[in-house]
Amino acid sequence: MSRGDPHNSGKAILYTLGLFASAFAIGAWLAGYAAPGHEAARWISGGLLAVGLVVGLKVLEAAAMLAAPFVLAKMAARWATTGKPLDIRKDGDRHDWIAYLLFIPSYALFALLTGAGVGFVDGGLGFFLSALLYGGVGLVLGAVAAKILLKYALEVG
């Protein structure tokens, strides 16, 4: 799939919207256990888990901006030695593991902090158990989200 492929852009939009909707639904569902009977906690929890996806992507952008000078220096050195700035090997996306390594823990940490905040509401699981529940779900949802975002949303552009 090439960048900007019009045939896959609709699929990328649907997958991304579905991912945000499922993150919202899971957050609202978890708030039923962490803060039962509090409607505002459900809305806030769902919204924060959906916004956490954007936070995870911003972590990836920040890492890319920090790595950009090193990548450009490597390209300049390659251009000086071989005459071609880009690597001619086509062995796929070799650096996807870095994106997984950054996105999944950052989303899980955001979910853990969301759970800790929801846990302060009266009734329910409390601060610690709510944070653990949200953090565990954040690990799983972050892994699924990273796979979907890397495969569809980021490749289309």
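You'll find the structure just up there.
Residues numbered from 1 in each chain as written. Predicted model: local features only at pLDDT ≥ 70, side-chain atom pairs only at ≥ 80, totals over all residues. Heavy atoms only, no water.

**Let's talk about the packing of helix α2 (residues 39–82) against helix α3 (residues 96–118)**
Phase 1 of the analysis: With their axes 9 Å apart at the nearest point, α2 and α3 run at an angle of 150° to one another. Remark: the crossing between α2 and α3 carries right-handed chirality. Taken together, the residues of α3 that come into contact with α2 (itself represented by Ser45, Leu48, Leu49, Val51, Gly52, Leu53, Val55, Gly56, Leu57, Val59, Leu60 and Ala63) are Ala99, Leu102, Phe103, Ser106, Tyr107, Phe110, Ala111, Thr114 and Val118.
Phase 2 of the analysis: For the contact of α2 with α3, the residue count by class is 16 nonpolar, 5 polar and no charged. (Axes fitted to C-alpha atoms, helices over the stretch in contact; angles between N-to-C directions. Helix = DSSP H or I, 4+ residues; strand = E, 2+ residues; numbered from the N terminus. Left-handed = near helix turned anticlockwise from the far one by under 90°. Contact = heavy atoms within 4.5 Å. Nonpolar A, V, L, I, M, F, W, Y, C, P; charged D, E, K, R; others polar.)

**A word on the environment of Ala131**
Phase 1 of the analysis: Position of Ala131 among the secondary structure elements: in helix α4 (residues 127–156).
Phase 2 of the analysis: Taking relative accessible area as the criterion, Ala131 reaches 8% and is therefore assigned buried.
Phase 3 of the analysis: Placed 20 residues apart in sequence, Ala131 and Ala111 show a C-alpha to C-alpha distance of 7.8 Å.
Phase 4 of the analysis: Excluding its chain neighbours within four sequence positions, the residues that come into contact with Ala131 are Leu112, Gly115 and Ala116. (Buried < 20%, exposed > 50% of the residue type's maximum accessible area, 1.4 Å probe, protein only.)

**Overview of the packing of aromatic side chains**
Phase 1 of the analysis: Within this structure, the stated rule accounts for 4 aromatic pairs.
Phase 2 of the analysis: Geometrically, the ring pair formed by Phe24 and Trp43 is tilted, given 5.7 Å between the ring centres and 55° between the ring planes. Here Phe24, found in helix α1 (residues 6–34), pairs with Trp43, found in helix α2; they are 19 residues apart in sequence, far enough to count as distant.
Phase 3 of the analysis: Trp43 gets classed as exposed once you look at its relative accessible area, which sits at 56%.
Phase 4 of the analysis: Arranged with centres 6.2 Å apart and planes meeting at 0°, the rings of Phe103 and Tyr107 form a pair that is stacked. (Phe/Tyr/Trp six-rings, centres within 6.5 Å; stacked < 30°, edge-to-face > 60°.)

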